[in-house]
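Listed below, chain by chain, are the residues.
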2 protein chains.
Amino acid sequence: VQEDGSIATLVNGVASTVVSAADRGLQYGDGLFETITCVDGEPRWLGLHLQRLQRGCERLGLRFDALETLHHEICSLSQGRARCIVKVILTRGLATVRGYRPMGNEAPTRIVSCHDWPQAGPGLVRAPGVQTPGIRIGVSEVRLGENPLLAGLKHLNRLEQVLAQRALGDLGLDEALMCSSAGSVICAISANVFLVDDNGVFTPAVDLCGIAGVMRRLVLDTAAAAGRPITVRSVSVDELAYVKEMFLTNVRLGLQTVRWLNGRELRQDGEARRLRDLMYAT
Amino acid sequence: VQEDGSIATLVNGVASTVVSAADRGLQYGDGLFETITCVDGEPRWLGLHLQRLQRGCERLGLRFDALETLHHEICSLSQGRARCIVKVILTRGLATVRGYRPMGNEAPTRIVSCHDWPQAGPGLVRAPGVQTPGIRIGVSEVRLGENPLLAGLKHLNRLEQVLAQRALGDLGLDEALMCSSAGSVICAISANVFLVDDNGVFTPAVDLCGIAGVMRRLVLDTAAAAGRPITVRSVSVDELAYVKEMFLTNVRLGLQTVRWLNGRELRQDGEARRLRDLMYAT
């Protein structure tokens, strides 16, 4: 493990741990990232990760044509490791002229780093597959600004999540739900969220803010394929009072059941277990 | 001039053009910046720039105690140059553990770079002091997400400005007004905005989004000291139809009169000239 916490890092294909201080990723957060879980030397759901990255490039107008090279780099870093996390950062590239305006001829910067799979620790950073005794969740006071042009993307502008994580410790919670500036429930800080009430399973739309997670996609597809599609819609904070079950999703946690919502104990592993079983069966 | 477009760059006090790829500034846009204009070897309004930077540190919980060192670095880079721009980026520092959560013990990264004063070029990037024949402005379709916790700060999450600048070329405009997601006029892409109608001068509040610019502060203070305070309030898009005069402010442009607003010709240099004269007189 290197000084920066990674096992190995490639910057534009070359072993390195530094980027230019003039990179637009640093100057403006002008880029995207993906966090890819790798098991038995294989990146999981790589197609979905790269698809989202490509969609992000289109939305930001980032001309990235080295997808095959990136694919190869991710595989080479994960090779031979039982479990690791490969993080990809793709920025618009070097800012040769000061100012927000992209020149259009920038060559994207590709940063691929390999990390140990996190051990049990604070919050939801736990060992893989371990169902923790009880995730406590509440509602963060840090809200998400709405911007349909950026919504769904895993872009590098993540100060809202940083502030929410920072506030989490004071709340004695493992995770927190984040609402939009308009007051809708959108997601957890580092995960998407699914809710179950008497009418079934539903998850917040991420067309105004939030990230369209790969595991969220897999859960939605699994449910639809099983003939019981999950409703994607706007979710109000008031609805949380009627929620019977809740689970968080991201590629590292899979489907992680929440035990306490605002101090109220929820049903454990009802719909989450059913969906988990369906996913492992396919 | 170096490959990255800067004349010289100091990273944590050392001549360098690179930062760690694991820096939280790159990973999450977890940091702040200042763009300081220097004339005759002297940084202008440095106190106000450093004050805003410090306020930003407090808001983000960034423990920065090298303000004097930073002050010295800015002065040393500007020394001996007739005109230059010194850009400061201050990030939370290295992410030694993956994830949004700051550990609290990060040592901030300090990047101070010196740049040529921009020559006349596209948009508002023009030579110093040159009153261009006519700035054309319209309303950008890219809106600003609202977040009171980040509003006013010059933080590193600037994708909205990047997208707005990217869209500008297609519109045949020099600059564009940006509205909040709720539809209020907030600022121009790279400047604050002041408007004049029959009732006087006003400027949008920046408590939900937008940057509290140093030149905006100077204009507000100058007007107040002259006994004719400028109103700071919420501004609707509909009001633009009644605007008789408009000027943009940032430390590089000073007070830049707009000639065409949505294709309609505006009064030139009424209140803007009066305020400019007041500022130069003090």
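The structure reproduced in this document is the subject of the present report. (Residues numbered from 1 in each chain as written. Chains lettered and ligands numbered in written order. Predicted model: local features only at pLDDT ≥ 70, side-chain atom pairs only at ≥ 80, totals over all residues. Heavy atoms only, no water.)

Thoughts on the overall build of chain A
From N to C terminus, chain A includes six helices and 17 strands. For chain A, whose C-alpha radius of gyration is 19 Å, the value lies close to the compact-globule estimate of 19 Å for 282 residues. C-alpha extents for chain A along the principal axes are approximately 55 × 40 × 40 Å. Looking at chain A as a whole, 58% of its 282 residues qualify as buried. The contacts of chain A with a sequence gap of at least 6 include a subset with a gap of at least 24, amounting to 68%. With the model as given, the accessible surface of chain A reaches about 11,400 Å², and the carbon-plus-sulfur share is 50%. Of the charged side chains in chain A, 31 are positive and 30 negative; the average position of the first set lies 1 Å away from that of the second. (Helix = DSSP H or I, 4+ residues; strand = E, 2+ residues; numbered from the N terminus. Rg over C-alpha atoms; globule rule 2.2 N^0.38 Å. Buried < 20%, exposed > 50% of the residue type's maximum accessible area, 1.4 Å probe, protein only. Contact = heavy atoms within 4.5 Å. Areas by Shrake-Rupley, 256 points an atom, 1.4 Å probe, with all protein chains shown as cover. Lys, Arg positive; Asp, Glu negative; His and termini not counted. Charge placed at Lys NZ, Arg CZ, Asp CG, Glu CD.)

Examining the sheet that holds strand β1 (residues 8-11) of chain A
All names here are of chain A. Here we have six strands laid out as an open sheet, ordered β2-β1-β7-β6-β4-β5, and antiparallel in their pairing. The sheet is open, and its two borders are formed by β2 (14-15) and β5 (42-43), each paired with just one other strand. Sheet analysis places β1 next to β2, joined by two bridges and oriented antiparallel. Opposite leucine 10, over in β2, you have alanine 15 as the bridge partner. Strand contacts of helix α3 (residues 67-78): β1, β4 (31-39), β5, β6 (83-91) and β7 (109-116), with the helix running at about 20° to β7, the strand carrying the most contacts. (Pairing = 2+ DSSP bridges. Axes fitted to C-alpha atoms, helices over the stretch in contact; angles between N-to-C directions.)

Remarks on the packing of aromatic side chains
Residues and elements named next belong to chain A. Going through the model one piece at a time under the given rule, you end up with four aromatic pairs over all chains. Summarising the aromatic geometry, the rings of phenylalanine 194 and phenylalanine 247 are spaced 5.1 Å apart at their centres and angled 5° between planes, so their arrangement reads as stacked. Within this pair, whereas phenylalanine 194 is found in strand β11 (residues 192-197), its partner phenylalanine 247 is found in strand β15 (residues 245-250), the two being separated by 53 residues in sequence. Lying over the aromatic face of tryptophan 260, arginine 259 brings its terminal NZ or CZ to 5.4 Å of the ring centre. (Phe/Tyr/Trp six-rings, centres within 6.5 Å; stacked < 30°, edge-to-face > 60°. Lys NZ or Arg CZ within 6 Å of the ring centre and 35° of its normal.)

Considering the interface of chain B and chain A
Contacts between chain B and chain A engage 64 residues on the former and 64 residues on the latter. Buried surface at the junction of chain B and chain A, both sides included, amounts to about 5,100 Å², of which 62% is carbon and sulfur. Ranking the residues of chain B by area buried against chain A places Arg98(B), Tyr100(B) and Leu159(B) at the top, with a combined share of 17%. Summed over the shared surface of chain B and chain A, the number is zero salt bridges. Viewed at the interface, chain A and chain B are joined by 19 residue pairs in polar contact (both at pLDDT 80 or more). A total of eight residues in the side of chain B that touches chain A trace back to one element, the largest contributor, which is helix α4 (residues 159-171) of chain B. Class assignment for the residues of the side of chain B that touches chain A results in 28 nonpolar, 21 polar and 15 charged. (Buried area = accessible area lost by both parts, 1.4 Å probe. Salt bridge = Lys/Arg side-chain N within 4 Å of Asp/Glu carboxyl O. Polar contact = N/O pair within 3.5 Å; in protein donor to acceptor, adjacent residues only side chain to side chain. Nonpolar A, V, L, I, M, F, W, Y, C, P; charged D, E, K, R; others polar.)

Quick look at the environment of Gly104(A)
You can see Gly104(A) is positioned in the loop between β6 and β7. Spatially, the C-alpha atoms of Gly104(A) and Leu62(A) are 8.2 Å apart, while their sequence positions differ by 42 residues.

A word on the environment of Leu168(A)
Structurally, the position occupied by Leu168(A) is in helix α4 (residues 159-171). Accessibility expressed as a relative area gives 0% for Leu168(A), which makes it buried. For the pair Leu168(A) and Val139(A), spaced 29 residues apart in sequence, the C-alpha separation works out to 9.7 Å. Discounting chain neighbours no more than four positions away, the residues touching Leu168(A) are Leu173(A), Asp174(A), Glu175(A), Ala176(A), Ile189(A) and Arg101(B).

Quick word on the sheet that holds strand β2 (residues 14-15) of chain B
Where strands meet in a sheet, backbone hydrogen bonds hold them as pairs that are either parallel or antiparallel. Residues and elements named next belong to chain B. Pairing is antiparallel in the open sheet, where six strands are placed in the order β2-β1-β7-β6-β4-β5. The sheet terminates laterally at β2 and β5 (42-43), the two strands that pair on one side only. Sheet topology note: the strand β4 (residues 31-39)/strand β6 (residues 83-91) ladder contains nine bridges and is antiparallel. Residue pairing for β6: isoleucine 36 is matched across the bridge by valine 86.

Some details on the side chain of Asp30(B)
Counting through the fold element by element, Asp30(B) comes out in the loop between α1 (24-28) and β4. For Asp30(B), a relative accessible area of 0% gives the class buried. Among the polar contacts listed, one links the side chain of Asp30(B) to the side chain of Arg24(B), at a separation of 2.9 Å. With sequence-adjacent residues up to four places away left out, Asp30(B) is seen in contact with Leu159(A), Val162(A), Arg24(B), Gly25(B), Thr91(B) and Arg92(B).

Topic: the relation of the copies chain B and chain A
Overlaying chain B on chain A yields an RMSD of 0.0 Å, the required transformation being a rotation through 180° with an accompanying axial translation of 0.0 Å. Such a turn and shift between the copies fits a two-fold axis. Of the interface residues in chain B, 100% have counterparts in chain A that sit at the interface too, so the contact is made through matching surfaces. (Least-squares fit on C-alpha atoms with pLDDT ≥ 70 in both.)

Focus: helix α6 (residues 271-281) of chain A
In an α-helix, one full turn covers 3.6 residues, which means residues spaced three or four apart are oriented alike. All names here are of chain A. If you check which residues of α6 are buried, you get Glu271, Ala272, Leu275, Arg276 and Met279. Projected down its long axis, α6 shows its buried positions confined to an angular sector of 130°, all on one face. Exposed and facing more than 90 degrees away from the buried side of α6 are Tyr280 and Ala281. Buried residues along α6 sit against β11, β12 (200-204), α5 (214-225), β15 and β16 (254-261). (Arc of directions from axis to C-beta.)

A short note on the pattern of salt bridges
Two side chains of opposite charge can pair, provided their charged atoms sit close to one another. All names here are of chain A. Going through the model one piece at a time under the given rule, you end up with 24 salt bridges over all chains. A salt bridge links arginine 52 to glutamate 34; its shortest N-O distance comes to 2.6 Å. One end of the pair, arginine 52, is in helix α2 (residues 46-60); the other, glutamate 34, is in strand β4, with 18 residues separating them in the sequence. Residue arginine 52 is classed as buried on the basis of its relative accessible area of 7%. The salt bridge partner of arginine 136 is aspartate 174, with a shortest N-O separation of 3.1 Å. Placement of arginine 136 in strand β8 (residues 135-139) and of aspartate 174 in the loop between α4 and β9 (175-179) is noted, with a sequence separation of 38 residues between them. For arginine 136, a relative accessible area of 36% corresponds to the partly exposed category. A residue is classified by how much of its surface remains accessible, and aspartate 174, at 6% relative accessible area, is buried. Each of Arg24, Asp30 and Arg92 takes part in salt bridges that share partners, so that together they form one network.

Side note on the state of the cysteines
Residue and element names in this part refer to chain B. What the rule picks out here adds up to zero disulfides over all chains. Free cysteine: cysteine 75, not disulfide-bonded; nearest cysteine sulfur from cysteine 38 at 8.0 Å. Sulfur of cysteine 187: no disulfide; nearest cysteine sulfur belongs to cysteine 209 and is 7.0 Å away. The class for cysteine 187 is buried, based on a relative accessible area of 5%. (Disulfide = S-S within 2.5 Å.)

By themselves, these are just geometric observations and shouldn't be taken as functional.
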